[in-house]
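# Overview (structure and organization)
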Amino acid sequence: MADLPQRQTDIGPPHYMQFLPPVAQKNYGQWKYHEQLSGGSMVHVAESGDKLWTVRAASPRLISTDFIRGLTALADKYCGGHLRFTTRHNVEFLVSDESNLKPLMDELKQKNYMVGGIGDGISNIVHTQGWVHCHSAATDASGLVKVLMDEFADYFTGTKTLPARVRFAVACCTNMCGAVHCSDIAVVGIHRKPPAIIHEDVKKACEVPSTISSCPTGAISPDPANKSVKIKADKCMYCGNCYSVCPAMPISDPDNDGVAIVAGGKIGSLRSNPKFSKLVIPYLPNNTPKWPEVVAAFRTILTAYENGARKHERLGEWIDRVGWEKFFSLTGLPFTHQHIDDFTIARETYRTSAAFKW
Ligand code: SF4
Ligand code: SF4
């Protein structure tokens, strides 16, 4: 690594190049193609003829020290310690010696790691903190991901395939720390009531001007009588922004919180531009611990996609081809007033073309 430019700082991570397997350092930028070998393995082939095998497995994202120790022991045994996490929290073992490929996959399966996530199926579900950690969660993340992975495990392991890859995501509030806006099918936690205001605590814990300016819709105004703030309920969109600034305005509400389902997003620019996902189900309850309504909704959308899409067509591309009107009739999902964008600046997103398609 001596010839690499050295960073002029003592903060931040060390240069990533030193963590790549030697074969990846040697062939950096010189890879010719890659090929999927099974639901959980693939091989990259370099211009030089060198090969690097990848074995992918699922992770629960919020992981324990024991889980990490288990992964690193396997990486030390089979891949010279080379292991990485993808942006969707899949674990990838980078194997330079082909003779280690099968023993690694066998040991992963024997230790009950779920091997898969490559190709036309689902990969690990990217998700957020949920009730485990975050103050503004409207739903749990880990619980939802667990029930969805249990239900759709066959599409992860490669036992069943789909027309193209399908990315699931879960975000536990509309801050959307998860990749909900750009995933094929996703869950987003929603609040449905304005925050409570605990006037006594506002006085002690919050700064009124910054609390007022935290509201994107201008729903908060001063309440001089209480030395606090008040909310104009019909301007509130339940985003929870004010709660992040003022802890005396809690928004979590077990009776009204729940989730919405969005679909049709993607990051990749293959065949069509990246797309934002759109609302398909405005509200489902937090029916813990199994969220049966959410699992059923995913099954409905996935089945309609599986039956209707062409090979290699992403879910959003299929919807664009058949039309959103047809999507609602094919899935049987009701179209409601919540699907109509009436936000103040909605005009920007309206379809203004004179070309109609039914
Ligand atoms: Fe917290 Fe919302 Fe991010 Fe979930 S999506 S971790 S609730 S800010
Ligand atoms: Fe404003 Fe959002 Fe707070 Fe409602 S929840 S008052 S829209 S910041």
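You'll find the structure just up there.
Residues numbered from 1 in each chain as written. Chains lettered and ligands numbered in written order. Predicted model: local features only at pLDDT ≥ 70, side-chain atom pairs only at ≥ 80, totals over all residues. Heavy atoms only, no water.

## Concerning the pairing of strand β2 (residues 41-46)
Regular strands place their side chains on alternate faces of the sheet. Within β2, 5 of the 6 residues are buried, which leaves it mostly tucked inside the rest of the structure. Inspection of the sheet shows strand β1 (residues 31-38) paired to β2 by 6 bridges, in the antiparallel sense. Following the sheet pairing, Glu35 is matched in β2 by Val43. Hairpin connection from β1 to β2: 2 residues lie between these consecutive antiparallel strands. Summarising the sheet, β2 and strand β3 (residues 51-57) pair through 5 bridges and their orientation is antiparallel. Bridge pairing links Val43 to Trp53 in β3. Counting the residues that bridge the hairpin from β2 to β3 gives 4 residues, and of these Gly49 lies at a positive phi of roughly 95°. (Buried < 20%, exposed > 50% of the residue type's maximum accessible area, 1.4 Å probe, protein only. Helix = DSSP H or I, 4+ residues; strand = E, 2+ residues; numbered from the N terminus. Pairing = 2+ DSSP bridges.)

## Notes on the site of ligand 1
Taken together, Thr128, Gln129, Cys134, Ser136, Ala137, Cys172, Cys173, Asn175, Met176 and Cys177 make up all the residues around ligand 1. Here the shell around ligand 1 is built from residues that sort into 6 nonpolar, 4 polar and no charged. (Near = heavy atom within 4 Å. Nonpolar A, V, L, I, M, F, W, Y, C, P; charged D, E, K, R; others polar.)

## Some remarks on the packing of aromatic side chains
Per the stated rule, a full pass over the model turns up 11 aromatic pairs. Ring centres of Tyr305 and Trp318 lie 6.0 Å apart, and the angle between their planes is 65°; this geometry places the pair in the edge-to-face category. Of this pair, Tyr305 sits in helix α9 (residues 292-308) while Trp318 sits in helix α10 (residues 315-322), and the two are 13 residues apart along the sequence. Residue Tyr305 shares its accessibility class with Trp318, and that shared class is buried. Clustering of aromatic rings is evident, with ring pairs tying together Tyr305, Trp318, Trp324, Phe327, Phe328 and Phe335. (Phe/Tyr/Trp six-rings, centres within 6.5 Å; stacked < 30°, edge-to-face > 60°.)

## So, the sheet that holds strand β7 (residues 168-171)
The strand order across the open sheet formed by 5 strands is β6-β7-β8-β11-β12, and the pairing between neighbours is mixed. Looking at strand neighbours, the two that pair on one side only are β6 (126-127) and β12 (278-285), the edges of this open sheet. Bridge analysis of strand β8 (residues 185-190) against strand β11 (residues 258-263) gives 6 bridges, and the strand direction is antiparallel. When the sheet's bridge partners are listed, Gly189 is paired in β11 with Val259. Along the sheet, helix α11 (residues 324-331) contacts β11 and β12; its crossing angle with β12, the most-contacted strand, is approximately 35°. (Contact = heavy atoms within 4.5 Å. Axes fitted to C-alpha atoms, helices over the stretch in contact; angles between N-to-C directions.)

## Details of the site of ligand 2
Close to ligand 2 lie Pro195, Cys215, Pro216, Thr217, Ile220, Cys236, Met237, Tyr238, Cys239, Gly240, Asn241 and Cys242. In a pocket analysis with a 2 Å cut-off to the grid points, ligand 2 is assigned to the largest cavity. When the residues that make up the shell around ligand 2 are grouped by side-chain class, the tally is 9 nonpolar, 3 polar and no charged. (1 Å grid on protein atoms, 1.4 Å probe; cavity = no way out; pocket = protein on both sides within 12 Å on 5 of 7 lines; lining within 4 Å. Sits in = over half its atoms within 2 Å of the grid points.)

## Concerning the pattern of salt bridges
Oppositely charged side chains can pair when the atoms bearing their charge come close. Here the structure, examined in full by the defined rule, presents 15 salt bridges. A salt bridge links Arg56 to Glu92; its shortest N-O distance comes to 2.7 Å. Of the two residues, Arg56 sits in strand β3 while Glu92 sits in strand β5 (residues 91-95), which places them 36 residues apart along the sequence. Neither residue differs from the other here; Arg56 and Glu92 are each classed as buried. Salt-bridge contacts for Lys146 lead to Asp150; the nearest nitrogen and oxygen are separated by 3.0 Å. (Salt bridge = Lys/Arg side-chain N within 4 Å of Asp/Glu carboxyl O.)

## Remarks on the environment of Met249
If you trace the backbone, Met249 turns up in the loop between α8 (241-245) and β11. Spatially, the C-alpha atom of Met249 lies 40 Å from that of Ile319, the residues being 70 residues apart in sequence. Not counting chain neighbours up to four residues away, the residues in contact with Met249 comprise Pro195, Ala196, Ile197, Thr211, Ile220, Val229, Ile231, Cys242 and Tyr243.

## Overview of α9
Helix length check: α9, at 17 residues, gives a terminal C-alpha distance of 24 Å against a target of 24 Å (1.5 Å per residue), a fit within 8%. Turning to α9, its buried residues are Val294, Val295, Ala297, Phe298, Ile301, Leu302, Ala304 and Tyr305. (Expected span 1.5 Å × (residues − 1).)

## Quick look at the layout of surface pockets
Its boundaries defined by the atoms lining it, the largest pocket holds a volume of some 2,500 Å³. Leu279, Gln338, His339, Ile340 and Asp341 are the residues nearest the centre of the largest pocket, which is lined by 49 residues in total. Only β8, β11, β12, α10 and α11 provide two or more residues apiece to the lining of the largest pocket. Tallying contributions element by element places β12 first for the lining of the largest pocket, with 4 residues. Residue composition of the lining of the largest pocket, by class: 23 nonpolar, 15 polar and 11 charged. Looking at the second largest pocket, its volume works out to about 1,000 Å³. (Points joined across faces, edges and corners; volume = space filled by probe spheres on them.)

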